[in-house]
Structures are given as structure tokens and as C-alpha cells.
Amino acid sequence: MAISPMDGQYRISLHTVQDPDDDRFSDLPNLTSIDPVDEAYVGEGRELGLTDDEAEAISLAERLTDAHPNRWVNHATAGEEYIDFVRSRRDSPPSA
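Residues numbered from 1 in each chain as written. Predicted model: local features only at pLDDT ≥ 70, side-chain atom pairs only at ≥ 80, totals over all residues. Heavy atoms only, no water.

Asker: Please explain helix α2 (residues 75–91) as it appears in this structure.
Answerer: Count 3.6 residues to each turn of an α-helix, and residues three or four apart come out pointing the same way. Given a rise of 1.5 Å per residue, 17 residues ought to cover 24 Å, and the 25 Å separating the end C-alpha atoms of α2 matches this to within 8%. Looking at α2, one finds that the buried residues are Ala-78, Gly-79, Tyr-82, Ile-83 and Val-86. Around the axis of α2, the buried residues are gathered within 135° of arc, so they sit on the same side. Of the exposed residues in α2, the ones pointing more than 90 degrees away from its buried face are Ala-76 and Asp-91. (Helix = DSSP H or I, 4+ residues; strand = E, 2+ residues; numbered from the N terminus. Expected span 1.5 Å × (residues − 1). Buried < 20%, exposed > 50% of the residue type's maximum accessible area, 1.4 Å probe, protein only. Arc of directions from axis to C-beta.)

Asker: Any chance you could explain the layout of surface pockets here in plain terms?
Answerer: Rolled over the atoms, a probe as big as a water molecule pinpoints where empty space is left. Taken as a whole, the largest pocket holds about 1400 Å³ of empty space. Along its surface, the largest pocket is lined by 36 residues, and Met-1, Ala-2, Leu-28, Val-73 and Ala-78 are the ones closest to its centre. Considering every element that reaches the lining of the largest pocket, the biggest residue donor is α2, with seven residues. Per-class residue counts for the lining of the largest pocket are 18 nonpolar, 12 polar and six charged. (1 Å grid on protein atoms, 1.4 Å probe; cavity = no way out; pocket = protein on both sides within 12 Å on 5 of 7 lines; lining within 4 Å. Points joined across faces, edges and corners; volume = space filled by probe spheres on them. Nonpolar A, V, L, I, M, F, W, Y, C, P; charged D, E, K, R; others polar.)

Asker: I keep staring at the confidence of the model for the chain and nothing clicks. Help me out?
Answerer: Any segment with low pLDDT has predicted coordinates that should not be analysed in fine detail. Across the chain, pLDDT averages 84, with 96% of residues at or above 70. No element of the chain has a lower mean pLDDT than α2, at 83, and none a higher one than helix α1 (residues 54–65), at 94. (pLDDT = per-residue confidence, 0-100.)

Asker: Would you take a moment to explain the pattern of salt bridges for this structure?
Answerer: Pairing between side chains of opposite charge can happen when their charged atoms approach one another. For the structure on display, the rule yields seven salt bridges. Where Glu-47 meets Arg-11, a salt bridge forms, and the shortest distance between an N and an O atom there is 3.1 Å. Of this pair, Glu-47 sits in strand β3 (residues 46–51) while Arg-11 sits in strand β2 (residues 9–14), and the two are 36 residues apart along the sequence. Arg-90 serves as the salt-bridge partner of Asp-23, at 3.5 Å between the closest nitrogen and oxygen. Placement of the pair is Asp-23 in the loop between β2 and β3 and Arg-90 in helix α2, with a sequence separation of 67 residues. Arg-90 gets classed as partly exposed once you look at its relative accessible area, which sits at 44%. Connected through shared salt-bridge partners, Asp-19, Asp-21 and Arg-89 make up one network. (Salt bridge = Lys/Arg side-chain N within 4 Å of Asp/Glu carboxyl O.)

Right, dumping it as C-alpha cells:
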């Protein structure tokens, strides 16, 4: 899920991509699509909506996809967040 400015509006897009489980890979827009419907939208994501207001874009994205309000990250940190996520899975003991 991404929200990005576009022509004075905010674009809400969905990215259905494969998790490569590779902490050397942080270029999230280039991940491989797992949904044939979304293969044409790799990198930019499939557009779900547009709005003029930043707060409304977040609210709309959460309503459309059940995105959790406390899990949004800045685009500049998303790749780093992914790397941390992959590493935390490797460092966690297997669940019993």
C-alpha cells in the first residue's frame, strides 16, 4: 500500500508483491508481483483511488485495504523497515 503525491493529488496504490526474504534487497518497487492482475503495475502499484487531501488519502487507504493506522512509514524508510523485518525473522527463535 502506498500513498504518493501526483499532479496536486494523492494517489493510493496497492502493491501485491513477493517477499524475497533477502536483507540485501530494499528496492521495494521492483519486487516481483504475486498477482497476475497486478503484473502490469509493478513499481507504480495498481491505483485504488485519488484524493486532494493528504489526511483523506490515509483514511481512504485504510478503509479500502484494512491497512493498520499505526503501521504507515515514510517512503524513504520503507526499504529499511523491510530489511529490519527480514532480519528480525531470522533472529527470532522458531515458534513452538
